[in-house]
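One letter stands for each residue in the lines below.
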Amino acid sequence: MKKWSLTDRIGYAYTAPALAVVALLMAFPLLYTFMLSFQKNDVFANETKFVGLRQFARLFEDPVFVLAIRNTVVWTAACVAFQFLLGLLAAVAINQEFVKGKTVIRLLIMVPWVLPGIVGVQTWKWSYHPDFGIINHALKSLGIISHDITWTSGSSTALLSAIIVNVWKMFPFVMLMLEAALQSVPKELKEAAYVDGARPLRIFFAVTMPHIMMTSLTVILLLTIWTFNAFTFIFALTAGGPAHKSEILSLYIYRQGFQNLNFGLASAASVVLFLLTMAFSLVYIRFFMRKGEEA
Amino acid sequence: MKKRFAVLLVFALIFSLLVACGGGKESSNSGEGGGTDTSSSSTGSGGSGTGTADSGSSGGDGGKTVELTYWDGTWAEEITPELVKEFEAQNPGIKIKVEYFPWDGMYDKFLVALRNDNGPDIINMAVDWTVPFAAMGKLQNITPFIEQYGVDMNDFYEGPLKTVTYNGQYYALPYRSEANALYYNKKIFADAGLDPEQPPATWDELIEFSKQIKEKTGIAGFGQSGSEFGNFTAQLYYLIYSNGGSVLNEDYTKSALTSPEAVEAAQIFVDMYRKHKISPDSTMENNNTVNRNLFASEKVAMFISGNYDVAAVREANPDLDFGTALQPALAERKPILGGWNAGVTNTAKDAEAAFKFVNFLASPEISPRYSLTFSSRKSAAGHEKYKAPEFQPFLESLNYAQAMPPIPQWTQIKQIVYNHMQSAMIGDRTVEQALQDASKEIDALLAGN
């Protein structure tokens with residue numbers, strides 16, 4: 001047993017409160033949820049029963065749960081892809097030397113991200129509304145559509161309308177992160193490549209991309225985890241509708257837990273969500289980020 | 001210098017943390033009088049208050065003064081203190097401490113508290129909650145007190161009485177009752193060539209009038225609620241019950257939604273949106289509050305709601321020329337009864353004193369003042385608050401109003417029906433299929449799975 005030096009002990013004493021908070025607010029609820037997922041526990045039963053994996057079996061028998069998983073994958077993939085692409089575009093654009101008023105542009109682009117989630121979503125929700133909203137009105141005035149589109153309540157458009165709002169909200173974050181990374185690309189390398197005859201696109205892929213690879217991969221990981229767990233957008237915009245077409249896992253958990261008061265089932269679904277996120281993160285970090293470091 | 005700054009910063013952070021956590025009582029805002037009702041009418045309308053309570057300390061044993069706690073809703077924060085003062089003046093020796101709860105989550109809080117015998121002495125309950133609470137053994141049987149104090153039970157409307165009766169005994173007194181009625185835009189009627197003084201009396205007429213309105217003016221006829229499970233099922237259930245069907249069988253053990261009357265009614269509901277197209281395109285994302293907004297901005301000619309929306313509509317559009325009428329009938333007319341009851345809990349320190357307060361709230365003099373909608377007392381129907389002509393159809397509806405099955409799974413059943421019927425609304429399933437699937441789930445739920 002290594003003998004704890006005085007510095008060690010002081011160190012642990014200082015971190016002890018923070019560790020206690022983490023244990024209380026993160027470890028304990030996590031473990032409790034795991035325990036709940038093996039029980040039949042809802043507000044009508046007067047005691048809780050241990051039922052093993054039955055809640056998990058119930059989950060996969062529920063077509064809405066399976067649909068929710070599918071929707072969550074589509075939702076995450078689409079959101080992350082477009083958040084990243086739009087953010088990258090914005091970062092590259094604002095990084096060009098000929099752009100004036102960078103501070104003002106940056107400020108304006110930051111607005112979606114800074115706005116409290118609910119506020120932004122409600123604004124979009126009213127804009128989407130066929131009778132009161134400005135989007136349909138504008139599209140009709142421009143002659144692009146002739147009939148109102150029911151954005152948030154149409155089977156084919158509900159998830160899409162939520163994706164648009166999520167991309168709008170998060171791309172400023174991507175832009176911020178990537179802009180910093182872009183600044184770190186040595187100008188001499190780019191100029192050397194230019195002198196050698198490389199076209200701007202080739203310069204971007206050969207010179208710039210490797211330098212922002214680590215940052216990009218981190219950003220994508222963060223976006224994926226956030227989007228996977230995102231709740232506000234779907235809840236406030238479509239409430240999972242119509243008829244569950246835009247329901248994602250986080251909403252499914254909320255419904256089971258807080259509307260149906262079926263805590264056992266909701267916990268089981270939470271465990272599934274946790275495991276999926278964990279699996280993705282582990283695979284991602286091991287394969288992509290290690291490689292990125294070596295590159 | 002740097003060190004001093006750092007120390008100062010740390011103190012500032014600690015200080016702000018203490019202030020934030022110390023909190024103290026926020027001043028509670030009183031809820032609007034049932035304005036933004038997003039729940040179905042069968043569970044009462046709540047205000048949008050954010051208040052938290054004075055912590056109800058239940059002291060006062062040992063002799064003369066008894067102190068009772070009463071759990072109320074935040075929408076009553078302006079009226080209840082006044083009533084408590086009057087009661088305490090009339091009843092020296094009884095003190096009432098009131099705690100206010102916002103509508104959101106109220107049922108869950110009450111349920112959990114009662115289950116653990118942590119509840120108050122007197123409790124305010126939506127109509128659907130009383131019998132389940134009584135069945136759990138958490139309410140006092142007040143029939144002896146009713147006899148002792150000679151409370152005239154015939155003065156209560158029939159519907160509300162059923163919601164306080166369990167096994168032939170009374171467990172609470174109703175004080176507030178409400179039912180929905182039809183709002184219609186007189187000007188749009190006139191523009192479409194309809195008589196503005198002749199609102200539709202039958203549901204067929206409602207559909208016909210709406211078609212005419214759509215043809216002549218391009219405006220949608222009726223505001224259907226396609227979203228929000230409470231509003232959706234309120235409209236659907238009205239049609240089912242008025243068509244002679246019902247949601248559950250007689251002893252509340254199985255779903256009755258696959259009966260021909262129920263299927264027919266549900267088909268009418270879906271056809272209104274899909275076939276006749278008399279509701280706006282945005283129906284699937286509209287709840288009843290949006291319908292109210294559409295009505296007030298004259299984008300829809302008719303909608304159905306409680307009397308609490310009269311003021312809201314007037315405020316939104318003072319120039320709106322509208323009228324109210326009984327909900328159009330199908331085979332009959334069965335509006336859903338909403339409202340509130342006051343009861344005594346099984347843990348009440350002094351059941352008789354608690355009953356006195358309940359009786360006070362439900363009396364013909366006090367209940368019209370306490371209720372945001374109408375009093376449950378027939379004798380109070382002539383109260384000056386209810387004189388306005390727009391209120392008459394709502395008052396009359398109370399005579400037909402029927403309470404919903406008072407079982408604890410009722411909210412979940414609404415959600416099941418909503419989930420399946422929504423897919424019928426968007427055309428993914430036929431009405432029969434949706435109701436069959438819903439019935440299977442409901443039967444499983446009621447069997448205790």
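What you are looking at is a predicted structure, and each value in this text was computed from that prediction instead of being measured. (Residues numbered from 1 in each chain as written. Chains lettered and ligands numbered in written order. Predicted model: local features only at pLDDT ≥ 70, side-chain atom pairs only at ≥ 80, totals over all residues.)

## Some thoughts on the overall build of chain A
Argument step 1. Within chain A, the secondary structure is distributed over twelve helices and two strands.
Argument step 2. Ordered by position from N to C terminus, the α and β elements of chain A give α-β-β-α-α-α-α-α-α-α-α-α-α-α.
Argument step 3. Considered along the principal axes of its C-alpha atoms, chain A spans approximately 75 × 75 × 30 Å.
Argument step 4. Put simply, chain A has 295 residues, and 32% of those count as buried.
Argument step 5. For chain A, the proportion of contacts with a sequence separation of at least 24, taken over those separated by at least 6, is 70%. (Helix = DSSP H or I, 4+ residues; strand = E, 2+ residues; numbered from the N terminus. Buried ≥ 20, exposed ≤ 12 C-beta atoms within 10 Å, placed from the backbone. Contact = placed C-beta atoms within 7 Å.)

## With respect to the pairing of strand 3 (residues 122-126) of chain B
Residues and elements named next belong to chain B.
Argument step 1. Counting buried positions along strand 3 gives five out of five residues, so the element sits mostly inside the fold.
Argument step 2. Burial along strand 3 is two-sided: the face carrying I122, N124 and A126 and the face carrying I123 and M125 are both buried.
Argument step 3. One ladder, built from two bridges, connects strand 1 (residues 66-73) with strand 3; its direction is parallel. Looking across to strand 3, one finds that W71 is bridged to I123.
Argument step 4. Relative to strand 11 (residues 338-344), strand 3 runs antiparallel, the two being bridged by five bridges. Residue pairing for strand 11: M125 is matched across the bridge by N341. (Pairing = 2+ DSSP bridges.)

## Focus: the domain arrangement of chain B
All names here are of chain B.
Argument step 1. Split by domain assignment, chain B resolves into domain 1 (41-179 + 337-397) and domain 2 (181-332 + 409-446).
Argument step 2. Computed over C-alpha atoms, the centres of domain 1 and domain 2 are 30 Å apart.
Argument step 3. Contacts between the two partners involve 13 residues from domain 1, matched on the other side by ten residues from domain 2.
Argument step 4. When residues in the side of domain 1 that touches domain 2 are grouped by element, the largest group, four residues, is from helix 15 (residues 392-397).
Argument step 5. Considered class by class, the residues forming the side of domain 1 that touches domain 2 number four nonpolar, five polar and four charged. (Domains from an automatic or database assignment. Nonpolar A, V, L, I, M, F, W, Y, C, P; charged D, E, K, R; others polar.)

## Things to note about the nonpolar core
Residues and elements named next belong to chain B.
Argument step 1. By size, the foremost hydrophobic cluster in this structure holds 123 residues, and its most contacted members are A266 and V358.
Argument step 2. Considering every element that reaches this core, the biggest residue donor is helix 9 (residues 229-242), with nine residues.
Argument step 3. Here this core spans two domains, and each of domain 1 (41-179 + 337-397) and domain 2 (181-332 + 409-446) adds at least three residues to it.
Argument step 4. When neighbours within four sequence positions are excluded, A266 is seen to be in contact with L236, I240, M421, V431 and L435. (Core = buried A, V, L, I, M, F, W, Y, C linked by C-beta atoms within 7 Å.)

## Brief notes about the sheet that holds strand 8 (residues 220-222) of chain B
All names here are of chain B.
Argument step 1. Read across the sheet, four strands follow the order 8-9-7-10 without closing on themselves; strand pairing throughout is mixed. Since the sheet does not close on itself, it has two edges, and those belong to strand 8 and strand 10 (322-325), each with one partner. Each adjacent strand pair in this sheet contributes to an overall mean axis angle of 20°, direction not counted.
Argument step 2. Relative to strand 10, strand 7 (residues 181-185) is paired through four bridges, and the arrangement is antiparallel. Residue pairing across strands places N185 opposite F322, the latter belonging to strand 10.
Argument step 3. Relative to strand 8, helix 8 (residues 203-217) is tilted by about 165°, and along the sheet it contacts strand 8 and strand 9 (300-305). (Axes fitted to C-alpha atoms, helices over the stretch in contact; angles between N-to-C directions.)

## As for the interface of chain A and chain B
Argument step 1. Listed as interface residues are 18 residues of chain A and, on the opposing side, 20 residues of chain B.
Argument step 2. Here the residues of the side of chain A that touches chain B sort into seven nonpolar, nine polar and two charged.

## What to know about the packing of helix 9 of chain B against helix 10 (residues 260-274) of chain B
All names here are of chain B.
Argument step 1. Their axes nearest at 8 Å, the elements helix 9 and helix 10 cross at an angle of 135°. Taken together, the axes of helix 9 and helix 10 are oblique relative to one another. Of the two possible hands of crossing, helix 9 and helix 10 adopt the one that is right-handed. When helix 9 is examined against helix 10, the residues Q235, L236, L239 and I240 are found in contact with a partner set consisting of A262, A265, A266, I268 and F269. (Parallel < 35°, antiparallel > 145°, perpendicular 65-115°, else oblique. Left-handed = near helix turned anticlockwise from the far one by under 90°.)

## A look at helix 11 (residues 249-259) of chain A
Argument step 1. What helix 11 of chain A keeps buried is the set L249, S250, L251, Y252, I253, R255 and Q256 of chain A.
Argument step 2. Within two residues after helix 11 of chain A, L261 of chain A carries a phi angle of roughly 55°, on the positive side.

## Notes on the sheet that holds strand 11 of chain B
Argument step 1. Read across the open sheet, the six strands follow the order 2-1-3-11-6-12 (chain B); overall the sheet is mixed. The open sheet has two edge strands with one neighbour each: strand 2 (94-101) and strand 12 (374-375) of chain B.

## Considering the pairing of strand 1 of chain B
Argument step 1. With seven of its eight residues buried, strand 1 of chain B lies for the most part within the structure.
Argument step 2. With respect to chirality, the unit in which strand 1 of chain B leads through helix 2 (residues 80-90) of chain B into the neighbouring parallel strand 2 of chain B is right-handed. (Right-handed = clockwise from strand over helix to strand, strands pointing away.)

## Describing the packing of helix 8 (residues 187-195) of chain A against helix 9 (residues 200-229) of chain A
Residues and elements named next belong to chain A.
Argument step 1. Their axes nearest at 10 Å, the elements helix 8 and helix 9 cross at an angle of 145°. Seen from above, helix 8 lies across helix 9 with right-handed handedness. Residues L189, K190, A193 and Y194 of helix 8 lie in contact with helix 9, whose contacting residues are I203, A206 and V207.
Argument step 2. Of the residues in the contact of helix 8 with helix 9, the class split is six nonpolar, no polar and one charged.

## Re helix 1 (residues 6-36) of chain A
Residues and elements named next belong to chain A.
Argument step 1. Here helix 1 is 31 residues long and its end C-alpha atoms lie 42 Å apart, about the 45 Å a rise of 1.5 Å per residue gives.
Argument step 2. Maximal helix bending in helix 1 amounts to about 40°, located at A16; proline P17 follows within four positions.
Argument step 3. Where burial is concerned, little of helix 1 is hidden: one out of the 31 residues are buried. (Expected span 1.5 Å × (residues − 1). Bend = angle between axes of the 7 residues up to and from the residue.)

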